[in-house]
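Examining the three-dimensional arrangement
Next come the chains, spelled out residue by residue.
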Amino acid sequence: MSDLFVARSLEEIRFWSRIMKEHSLFLRLGFRCEDTQLIYEANQFYAVFEEIERRSHAYEANTDPQTIGHFNMEVYTAVSHIWAFKRKVLGLILNCQLPGANNFPLLVDHISREANYFRNRLAELNAGQLEPLPDAIIDENVFFLKIMADHAKFIGHLLDPSERKLVEQARDFSHDFDQLVFQAVDLSSMRPQSQTVPLLSQFVDQNKVSVKSLRDFKKTARDLINDCRIKSIIHPLLADHVFREAEHFLVILDMFEQYLRAHDGSNS
């Protein structure tokens, strides 16, 4: 269990610290020139999470679990601070105090939800909650399906309107994932009766198919943007960022699939 705790903790921190670092960059790029204090804060958060990312790669798999537990809580504090910063920015935008800034309110809310997810994950790890229980299967899907739906909306809005085919594809993905979110919420509200292996297995399998399709679309868009073959205002790093998050969701779905198969065998 100690080795698993260390491995899971480092995996989460390595993945999400890079995401937090990039969020800082995206926020900074969306601020106006006169937003000097916000730009400064975003730069500070970029440096903080760049250092956390560097340190996470310096630790080995056999690092003492107590050391990693302390690291988790240190990172938890940093994530709580960037979460508060993101919510502050969202409040400024919604109160029309950043007119002309280029950060969608939904995007700022989106990245604050990811920060909240990350800090909750760190707290769960330190509490020893490592197994993908039926509650986690539903909750993780509700969270990540909404993230995927948001991504499709951002892509559709940041592509040039003349890229009609790609914009249409992004809107189709947005609609499809909205439906999957609603379906996941319905399954959640039926708990605990809905937490049967057959229902959860179908739920996970269906979502995997959709996420793979969106992941492939994101990869195509990322490659086209990198090659300057389409018109958009999507930063190349943002294109890669959303692709990596889809890949991460698929890893989680694979883990849940393995869990359900094992339990299906024990019940047969």
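Okay, so let's go over this structure.

Rules of the game
- Residues numbered from 1 in each chain as written.
- Predicted model: local features only at pLDDT ≥ 70, side-chain atom pairs only at ≥ 80, totals over all residues.
- Heavy atoms only, no water.
- Axes fitted to C-alpha atoms, helices over the stretch in contact; angles between N-to-C directions.
- Helix = DSSP H or I, 4+ residues; strand = E, 2+ residues; numbered from the N terminus.
- Parallel < 35°, antiparallel > 145°, perpendicular 65-115°, else oblique.
- Left-handed = near helix turned anticlockwise from the far one by under 90°.
- Contact = heavy atoms within 4.5 Å.
- Nonpolar A, V, L, I, M, F, W, Y, C, P; charged D, E, K, R; others polar.
- Phe/Tyr/Trp six-rings, centres within 6.5 Å; stacked < 30°, edge-to-face > 60°.
- Buried < 20%, exposed > 50% of the residue type's maximum accessible area, 1.4 Å probe, protein only.
- Lys NZ or Arg CZ within 6 Å of the ring centre and 35° of its normal.
- Polar contact = N/O pair within 3.5 Å; in protein donor to acceptor, adjacent residues only side chain to side chain.
- Core = buried A, V, L, I, M, F, W, Y, C linked by side-chain atoms within 4.5 Å.

**Observations regarding the packing of helix H4 (residues 105–126) against helix H5 (residues 134–158)**
- Where H4 contacts H5, the axes come no closer than 11 Å and their chain directions differ by 150°. Taken as axis vectors, H4 and H5 run roughly antiparallel relative to one another. In this structure, H4 meets H5 at a crossing whose hand is left-handed. Contacts between H4 and H5 involve Leu-106, Leu-107, His-110, Arg-113, Glu-114 and Tyr-117 from the former and Glu-140, Phe-143, Phe-144, Lys-146, Ile-147, Asp-150, His-151, Lys-153 and Phe-154 from the latter.
- Residues that form the contact of H4 with H5 fall into these classes: seven nonpolar, two polar and six charged.

**Remarks on the packing of aromatic side chains**
- Applying the stated rule across the entire model yields twelve aromatic pairs.
- Look at Trp-16 and Tyr-117: their rings are 5.4 Å apart centre to centre, the planes differ by 55°, and that puts the pair in the tilted class. With Trp-16 in helix H1 (residues 2–30) and Tyr-117 in helix H4, the pair connects residues that are 101 residues apart, well separated along the chain. The residues Trp-16 and Tyr-117 share a single accessibility class, namely buried.
- Ring centres of Tyr-117 and Phe-144 lie 5.3 Å apart, and the angle between their planes is 75°; on these two criteria the pair is classed as edge-to-face. On the criterion of sequence distance, the pair formed by Tyr-117 in helix H4 and Phe-144 in helix H5 is long-range, its members being 27 residues apart. Of the two residues examined, Tyr-117 and Phe-144, each falls in the buried class.
- Aromatic ring contacts, followed pair by pair, group Phe-15, Trp-16, Tyr-117, Phe-118, Phe-143, Phe-144 and Phe-249 into a single cluster.
- Between the NZ or CZ atom of Arg-119 and the centre of the ring of Trp-83, over which it lies, the distance is 4.5 Å.

**Quick look at the environment of Glu-140**
- For Glu-140, the position within the fold is in helix H5.
- Between the C-alpha atoms of Glu-140 and Ile-252, which are 112 residues apart in sequence, the distance is 8.4 Å.
- Each residue touching Glu-140, except ones within four places of it in the same chain, is listed here: Tyr-117, Phe-249, Ile-252 and Phe-256.
- Reaching out from Glu-140, the side chain makes a polar contact with the side chain of Tyr-117 at a distance of 2.6 Å.

**Some thoughts on the nonpolar core**
- Core analysis: the largest hydrophobic core is formed by 74 residues, its most contacted members being Val-89 and Phe-177.
- Sorting the residues of this core by element identifies H1, helix H2 (36–58), helix H3 (65–94), H4, H5, helix H6 (164–189), helix H7 (197–226) and helix H8 (236–267) as the ones contributing at least two each.
- In contact with Phe-177, not counting residues within four places along its chain, are Leu-145, Met-148, Ala-149, Ser-210, Val-211 and Leu-214.
- Phe-5, Val-6, Ile-68 and Leu-125 belong to the second-largest nonpolar core, a separate cluster that totals five residues.

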